[in-house]
Amino acid sequence: MKLGDISVSYIEIMLKAMAHLGVEVDEILDKYSIDATSLASPDARVSIPKFMRLGHDCIQASGLPWLGLVMGEVTTATNLGIAGLLALSAQDLRQACQQIATFELLNKYNSRGQSQFFVSQAFGMDQDKYRALSREYGVEQGQGVLMFYSIKPYNDYNYFVVDSVLSGWCQIIQDLSGKEDGIEKVCFEFPAPVYAKKYHELFNCPVLFEQASNYIVIKAEALAWSCINRSAPTFELLRRGADEELEKVRLGLSFHEKVSRVIGPLLDGSTPTLEQVSQQLSMAPWTVRRKLVEEGGSFQQTLNDTRRTLAISYVQDTALTLGEIAYLLGFGSPTAFQRAFKRWTGEAPGRFRTANTSTNKEK
């Protein structure tokens, strides 16, 4: 299980931001072997670590640590692939936000999680869930939440990712509706960075740091705003194709892989249980256990395999400390992680990193 990959359409956003700033990027693109052909391919993707290193190099070249906010300003719905095209043709902002979250997987995959959209409700079968979410995220009844997953710990390589996603969503919502006051607040889980004033200059609403997650809150009345380019026939045609593509992605995964993808986001300072994973899959624990056995495995084996492959990727492809990696993989201590890593690979993680990162840096 790799850390994830992302469509080159997100590199396109980065390049638009750099062009907007008047900064040349040819040398950076050459460094990462990115050419015009790959940038034009609908199937071309780059790894998450490569994308973060590319962004870091662009920040260094531009001298702007808030490059992600600039990326958000130049983001258009078309940069989100099928999800964005569906949002463009949606009837209203509520439907548009649903498409952005639902079909994100067609344009990127991250082992840390997937974006979500929900509307705070006070009735129905999910009443308790919505109430809990609303309390945690400070959302009033009827408001919508478009949420990006956590990618902590934060460093110079990933602040820009959250900045670009949340500011990009705000820009798209403004473009879809033609109105500037649809966002109630924008929330970031990390502390205010040194360039905090840039957020207040960009967003036409309160900006909060050190929050429960990374998300934007959309005003209740704004969810009903019509999209300027709405087209029911076009939406239904696109939705039909998107549903088919999403089903292909899911059918192409073994049950082991499906469970592994659920385990990944839950490995955040703790070890997920079979019950937690089963709940995410909307299955009974015994059903999950049986399906894994039918494929010749077990829940514990899938958990161990997920940890092992993520551990190798984190050590080889990121600048995270061993303590941070240990936490992300649910180990009780860095020592426990180091023992497990040596058992998996035959080498201590520090030695493994030294031997492998130099040859894989730009891959």
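Right above here is the structure, for reference.
What comes next is a walk through the structure.

Rules behind the numbers
- Residues numbered from 1 in each chain as written.
- Predicted model: local features only at pLDDT ≥ 70, side-chain atom pairs only at ≥ 80, totals over all residues.
- Heavy atoms only, no water.
- Patch = residues over 30% accessible without salt bridge, like charges linked within 9 Å, V, L, I, M, F, W, Y side chains within 5 Å.
- Areas by Shrake-Rupley, 256 points an atom, 1.4 Å probe, with all protein chains shown as cover.
- Salt bridge = Lys/Arg side-chain N within 4 Å of Asp/Glu carboxyl O.
- Lys, Arg positive; Asp, Glu negative; His and termini not counted.
- Charge placed at Lys NZ, Arg CZ, Asp CG, Glu CD.
- Helix = DSSP H or I, 4+ residues; strand = E, 2+ residues; numbered from the N terminus.
- Buried < 20%, exposed > 50% of the residue type's maximum accessible area, 1.4 Å probe, protein only.
- Contact = heavy atoms within 4.5 Å.
- Pairing = 2+ DSSP bridges.
- Disulfide = S-S within 2.5 Å.
- Polar contact = N/O pair within 3.5 Å; in protein donor to acceptor, adjacent residues only side chain to side chain.
- Axes fitted to C-alpha atoms, helices over the stretch in contact; angles between N-to-C directions.

Bringing a negative patch on the surface into the picture now. On the surface, E140, E180, D181, E184 and E221 cluster together to form a negatively charged patch. Looking at the secondary structure, you find D181 in the loop between α9 (159-177) and β6 (183-187).

With that out of the way, let us pick up the side chain of S62. Among the structural elements, S62 can be located in helix α4 (residues 48-62). Assessed through its relative accessible area of 17%, S62 is described here as buried.

Before going further, it helps to spend a moment on helix α5 (residues 67-74). Counting buried positions along α5 yields 7 of 8 residues, so the element is predominantly enclosed. All buried positions along α5 are accounted for by L67, G68, L69, V70, M71, G72 and V74. Where α5 is buried, its residues contact α1 (9-21), α4, α9 and α10 (196-202).

Below, the discussion takes up the pairing of strand β8 (residues 214-218). Judged by how many residues are buried, β8 sits mostly within the fold: 5 of 5 residues are covered. Neither face of β8 is exposed, since N214, I216 and I218 on one face and Y215 and V217 on the opposite face are all buried. Relative to β8, strand β5 (residues 144-148) runs antiparallel, the two sharing 5 bridges. Residue pairing in the sheet places M147 in a bridge with Y215 of β8.

Attention shifts here to the state of the cysteines. Considering all chains together, one arrives at 0 disulfides under this definition. Free of any disulfide, C97 has its nearest cysteine sulfur in C227, 8.4 Å distant. Among the cysteines around C170, which has no disulfide bond, C205 carries the closest sulfur, lying 5.9 Å off. Since its relative accessible area comes to 10%, C170 is described here as buried.

Structurally, the position occupied by Q143 is in the loop between α8 (127-137) and β5. Here E140 takes part through its backbone nitrogen, which lies 2.9 Å from a polar atom of the side chain of Q143. When neighbours within four sequence positions are excluded, Q143 is seen to be in contact with F118, V119, S120, E184, V217, I218, A220 and L223.

In a beta sheet, neighbouring strands are held together by backbone hydrogen bonds and run either parallel or antiparallel to one another. Pairing within the open sheet is mixed, and its 5 strands lie in the order β4-β5-β8-β6-β7. Since the sheet does not close on itself, it has two edges, and those belong to β4 (116-119) and β7 (207-208), each with one partner. Pairing of β6 with β7 involves 2 bridges; the strand directions are parallel. By the bridge assignment, C187 is partnered in β7 with L208. Sheet contacts for helix α7 (residues 93-102): β4, β5 and β8; angle to β4, the most-contacted strand, approximately 150°. On the sheet, α9 packs against β5, β6 and β8 and is oriented at approximately 15° with respect to β8.

Strands sit in the order β2-β1-β3 across an open sheet of 3 strands; the sheet is antiparallel. Because the sheet does not close on itself, it has two edges, and the strands there are β2 (45-47) and β3 (108-110). Across the sheet, the mean angle from the axis of one strand to that of its neighbour is 30°, orientation sign disregarded. Pairing analysis gives 3 bridges linking strand β1 (residues 4-7) to β2, with the strands arranged antiparallel. Paired with D5 across the two strands is S47, which belongs to β2. Sitting on the sheet, α1 is in contact with β1, β2 and β3, with an inclination near 60° to β1. Of the strands in this sheet, β1, β2 and β3 touch α4, which is tilted by about 85° from β2.

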